[in-house]
Amino acid sequence: LQGSTTACIASILPGGKIALLNVGDSGLIAIRPSQGIYFKTPDQQHYFNCPFQLGSTYEDKVKDGIAGEIPVHSGDYLILATDGLLDNLHDIELEQIVKDLDKEKSEREVLKAIADTLARRAQALAIDEKYWSPFAMNASKYGYSTLGGKLDDITLIAARAVSS
C-alpha cells in the first residue's frame, strides 16, 4: 500500500502543557483569547511546496519532525490543521474568527462553530483566484508568481484547554 501524509500530534501533559510533534506542513496554532496567537508550528519543507511526508515512498521519518512542549492555560484554543487551512487563511483572520466566536458562542457551541467557520472560510478562499493567500505570499518568496488560494484538503480539529 503506497501513500504519504504529514502529521500533527498533540498530547496533554500534567502541569498545563501540551506535547507536540509536527512533520511537514500541517500544524498547530495556539490562541489565547486575551492575547491572540502565542504559538504556531513552523512548516517543514524540502523545497517550496514539497513538505516532509511520512509514507512508504518517502525517506522522512517521525524523528525528523519538530517536537516540543508548549504551555496552555484554561481557555486557550488549539487548532490542529492541514495545509488546506493554513495555506488559505492568514493568521490574523484565523485569530479574529476564534476571538469573535469565543465571545459570541456558548461553551457548548464554540468548538463546532470555530471548526465550521474556519473550514468554510478556507474553502471559500481556496477557490478565490484573486486572493493574496498565505500560499501565494510564500510562493513569491521562492520566485513564483501566483495569485489565489490553494485547492487542497481542509481538515482541522478545534480544541479548548480546561481546568481539571
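Before any of the text, the structure's been laid out above.
Definitions and cut-offs
Residues numbered from 1 in each chain as written. Predicted model: local features only at pLDDT ≥ 70, side-chain atom pairs only at ≥ 80, totals over all residues. Heavy atoms only, no water. Helix = DSSP H or I, 4+ residues; strand = E, 2+ residues; numbered from the N terminus. Rg over C-alpha atoms; globule rule 2.2 N^0.38 Å. Buried < 20%, exposed > 50% of the residue type's maximum accessible area, 1.4 Å probe, protein only. Contact = heavy atoms within 4.5 Å. Areas by Shrake-Rupley, 256 points an atom, 1.4 Å probe, with all protein chains shown as cover. Pairing = 2+ DSSP bridges. Axes fitted to C-alpha atoms, helices over the stretch in contact; angles between N-to-C directions. Core = buried A, V, L, I, M, F, W, Y, C linked by side-chain atoms within 4.5 Å. Polar contact = N/O pair within 3.5 Å; in protein donor to acceptor, adjacent residues only side chain to side chain.

A. Examining the overall build of the protein chain more closely. For the protein chain, the count of helices and strands is four helices and 11 strands. Expected size for 164 residues packed as a compact globule is a radius of gyration near 15 Å; at 16 Å, the protein chain falls within 12% of this value. For the protein chain, the spread of C-alpha atoms along the three principal axes comes to 45 × 40 × 30 Å. Relative to its 164 residues, the protein chain shows a buried fraction of 43%. Across the protein chain, every contact between residues at least 6 apart in sequence was considered, and the portion connecting residues at least 24 apart equals 65%. Taken as a whole, the protein chain presents about 9300 Å² of accessible surface, with 53% of it coming from carbon and sulfur.

B. Seen up close, the sheet that holds strand β10 (residues 77-81). With respect to topology, four strands assemble into an open sheet ordered β5-β4-β10-β11, the strand pairing being antiparallel. With one partner strand each, in any of the chains shown, β5 (36-40) and β11 (156-160) form the two edges of the open sheet. With strand direction ignored, the average angle separating the axes of adjacent strands in the sheet is 20 degrees. Where β10 and β11 come together, five bridges link them in antiparallel fashion. Bridge pairing in β11 places I79 opposite A158. Against the sheet, helix α3 (residues 107-126) engages β10 and β11, with an angle of about 150 degrees to β11.

C. Structural detail: the pairing of strand β4 (residues 27-32). Most of β4 is tucked away: six of the six residues are buried. Burial along β4 is two-sided: G27, I29 and I31 and L28, A30 and R32, pointing in opposite directions, are all buried. Strand direction decides the pairing type here: β4 and β10, joined by five bridges, are antiparallel. Paired with I31 across the strands is Y77, a residue of β10. Bridge count between β4 and β5: four bridges; the pairing is antiparallel. Pairing of A30 across the sheet is with F39, part of β5. Connecting β4 to the next strand, β5, in antiparallel fashion are three residues.

D. Geometry of the pairing of strand β2 (residues 7-13). Pairing of β2 with strand β3 (residues 17-23) involves seven bridges; the strand directions are antiparallel. Bridging from a neighbouring strand, A10 pairs with L20 of β3. The loop that links β2 with its antiparallel partner β3 comprises three residues; one of these, G15, has a positive phi angle of about 85 degrees.

E. Representation of the nonpolar core. Core analysis: the largest hydrophobic core is formed by 22 residues, its most contacted members being I79, L85, L94, I114, L118 and L156. Among the secondary structure elements, those contributing two or more residues to this core are β4, β10, α1 (83-86), α2 (91-104), α3 and β11. No other element matches α3, which puts seven residues into this core. Dropping the residues within four chain positions of it, I114 is found in contact with Y77, I79, V98, L101 and A158.

F. Structural context of the side chain of R32. Relative to the helices and strands, R32 resides in strand β4. A distance of 3.3 Å separates a polar atom in the side chain of R32 from a polar atom in the side chain of H73. When near neighbours in sequence (up to four residues on either side) are disregarded, R32 contacts Y38, P71, V72, H73 and D76.

G. Representation of the sheet that holds β3 in the model. Ordered by their spatial adjacency, three strands build an open sheet running β2-β3-β9, and the pairing between neighbours is antiparallel. The open sheet has two edge strands, β2 and β9 (66-71), and neither has a second partner. The mean inter-strand angle of the sheet, taken between neighbouring strand axes irrespective of direction, is 20 degrees. Here β3 runs beside β9; their pairing, made up of six bridges, is antiparallel. Among the inter-strand pairings, I18 is bridged to a residue of β9, identified as I70.

These figures capture arrangement, not role.
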